[in-house]
Amino acid sequence: MSSKHKILIPLPSKDFDPSEAAIPWKVLKENDFEVFFATPSGQPAEADFRMLTGKGLGIWKPILIAHKNARAAYREMIEDPNFLHPFSYGDLKPEDFSGMILPGGHAPGMKEYLESEILQNFVGAFFATGKPLGAICHGVVLAARSKFPGTDRSILFGKKTTALLKSQEMAAWNLTRLWLGDYYRTYSQSVEDEVKENLKDPKDFHLGPKPIFRDSHKKIKRGHSLTDGNYVSSRWPGDAYSFVNSFMKLF
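Here is what the cut-offs are and how they apply
- Residues numbered from 1 in each chain as written.
- Predicted model: local features only at pLDDT ≥ 70, side-chain atom pairs only at ≥ 80, totals over all residues.
- Heavy atoms only, no water.
- Salt bridge = Lys/Arg side-chain N within 4 Å of Asp/Glu carboxyl O.
- Helix = DSSP H or I, 4+ residues; strand = E, 2+ residues; numbered from the N terminus.
- Buried < 20%, exposed > 50% of the residue type's maximum accessible area, 1.4 Å probe, protein only.
- Pairing = 2+ DSSP bridges.
- Contact = heavy atoms within 4.5 Å.
- Axes fitted to C-alpha atoms, helices over the stretch in contact; angles between N-to-C directions.
- Phe/Tyr/Trp six-rings, centres within 6.5 Å; stacked < 30°, edge-to-face > 60°.
- Core = buried A, V, L, I, M, F, W, Y, C linked by side-chain atoms within 4.5 Å.
- Parallel < 35°, antiparallel > 145°, perpendicular 65-115°, else oblique.
- Left-handed = near helix turned anticlockwise from the far one by under 90°.
- Nonpolar A, V, L, I, M, F, W, Y, C, P; charged D, E, K, R; others polar.

- The name an unreviewed UniProt entry assigns to the protein chain is DJ-1/PfpI family protein, from the organism Leptospira adleri.

### Let's talk about the pattern of salt bridges
Logical step 1: For the structure on display, the rule yields 10 salt bridges.
Logical step 2: For Lys 26, the salt bridge identified is with Glu 76, shortest N-O distance 3.0 Å. Taken as a pair, Lys 26 in helix α1 (residues 18–30) and Glu 76 in helix α4 (residues 68–77) lie far apart in primary sequence, 50 residues in all.
Logical step 3: The shortest N-O distance in the salt bridge between Lys 160 and Asp 204 comes to 3.8 Å.

### Observations regarding the pairing of strand β6 (residues 99–102)
On any regular strand, side chains alternate: one points to one face of the sheet, the next to the other face.
Logical step 1: Where burial is concerned, the two faces of β6 agree: the one with Gly 99 and Ile 101 and the one with Met 100 and Leu 102 are both buried.
Logical step 2: Here strand β1 (residues 6–10) pairs with β6 via 2 bridges, running parallel. Looking at the pairing, Ile 7 lines up with Gly 99 of β6.
Logical step 3: Bridging between β6 and strand β7 (residues 133–136) involves 3 bridges; their strand directions are parallel.

### What about the sheet that holds β1?
Hydrogen bonds along the backbone pair up the strands of a sheet, which may run parallel or antiparallel.
Logical step 1: Strand order in the open sheet formed by 7 strands is β5-β3-β1-β6-β7-β9-β8, with mixed pairing between adjacent strands. The two strands at the open ends of the sheet, each matched to only one other strand, are β5 (87–88) and β8 (226–228).
Logical step 2: Sheet strands in contact with helix α7 (residues 117–128) are β1, β6, β7 and β9 (231–234), and its direction is about 135° off that of β6.
Logical step 3: On top of the sheet, helix α11 (residues 240–249) reaches β1, β6, β7, β8 and β9; it is set at about 170° to β7, its chief contact.

### Re the packing of aromatic side chains
Aromatic rings in a pair are described by how distant their centres are and how their planes are angled relative to each other.
Logical step 1: According to the stated counting rule, one finds 11 aromatic pairs in the structure shown.
Logical step 2: Centre to centre, the rings of Phe 127 and Tyr 231 are 6.3 Å apart; their planes meet at 80°, and the pair counts as edge-to-face. With a gap of 104 residues between them, Phe 127 in helix α7 and Tyr 231 in strand β9 connect regions that are remote in the sequence.
Logical step 3: You can call Tyr 231 buried: its relative accessible area is 0%.
Logical step 4: Three or more aromatic residues link up through ring pairs in this structure, and these residues are Phe 33, Phe 247 and Phe 251.

### Focus on the nonpolar core
Logical step 1: Phe 16, Leu 28, Met 77, Leu 102 and Val 195 are the most contacted members of the largest nonpolar core, which has 66 residues in total.
Logical step 2: Ignoring any residue separated from it by four or fewer positions in sequence, one finds Leu 28 in contact with Ile 7, Phe 33, Val 35, Ile 101, Val 244, Phe 247 and Met 248.

### Description of the packing of α1 against α11
Logical step 1: Look at α1 against α11: their axes get within 9 Å of each other, and the N-to-C directions meet at 45°. Here α1 is positioned oblique relative to α11, judged by the angle of their axes. Here α1 runs over α11; the crossing is right-handed. On α11, the residues touching Ser 19, Ile 23, Pro 24, Val 27 and Leu 28 of α1 are Ala 240, Tyr 241, Phe 243, Val 244, Phe 247 and Met 248.
Logical step 2: Residue composition of the contact of α1 with α11, grouped by class: 10 nonpolar, 1 polar and no charged.

### What to know about the packing of α1 against α4
Logical step 1: Relative to each other, α1 and α4 sit at 70°, their axes nearing to 8 Å. Judged on the interaxial angle alone, α4 and α1 are roughly perpendicular. Relative to α4, the crossing made by α1 is left-handed. Touching Pro 18, Ser 19, Ala 21, Ala 22, Ile 23, Trp 25 and Lys 26 of α1 are Ala 70, Ala 73, Tyr 74, Glu 76 and Met 77, all from α4.
Logical step 2: The residue inventory of the contact of α1 with α4, partitioned by class, reads 9 nonpolar, 1 polar and 2 charged.

Here you go:
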């Protein structure tokens, strides 16, 4: 067994956000971490095709499509042997990994990941070990739904967190709902509202600076991440570099 840190990135079968998985994957690999994946059935996952192609995003395509850096990272990631041979959710054991990242995504295929009791139980058991956990965008919903083993309490109870902001979710939905319907609304309740309900105090939810520009390798400070103990959270694909850099600092 190698001595590298082993990081797990669970994904749904389809519709995950390419930026929120591929940028962390690429930065972790460049920093000598080993990255593994898991899907419901142990088959390779597929990202949200609209985020990769811009198809159906209309005049908002330049704003809403995944950044070219993320699309390039995704093309590399899907050739990684670990991506092509993921674990299945049911085979995951907390002791096999030294850290975990929960990416987001908003299209309907995400529900299989966000609602998986097997995955929620694993996330709860993993978090209870005290090892580093990162969650970004809708990945924070999965964290909020995951409970400490043997309790009804979210693992985020007592933690400070951020997630996709209600203002961001509603803006994307309002820009596209005429032709894409609820593509940007995974649930009728916003991410921000659901996450707040699982916190000790709604004030533990932090909005961060206005999310206007995406961050990058060279412009990390444009992004926003929030660290509380062994837990790091971020809001959207534009925070992905800040997010993974803060996550790596936990090692």
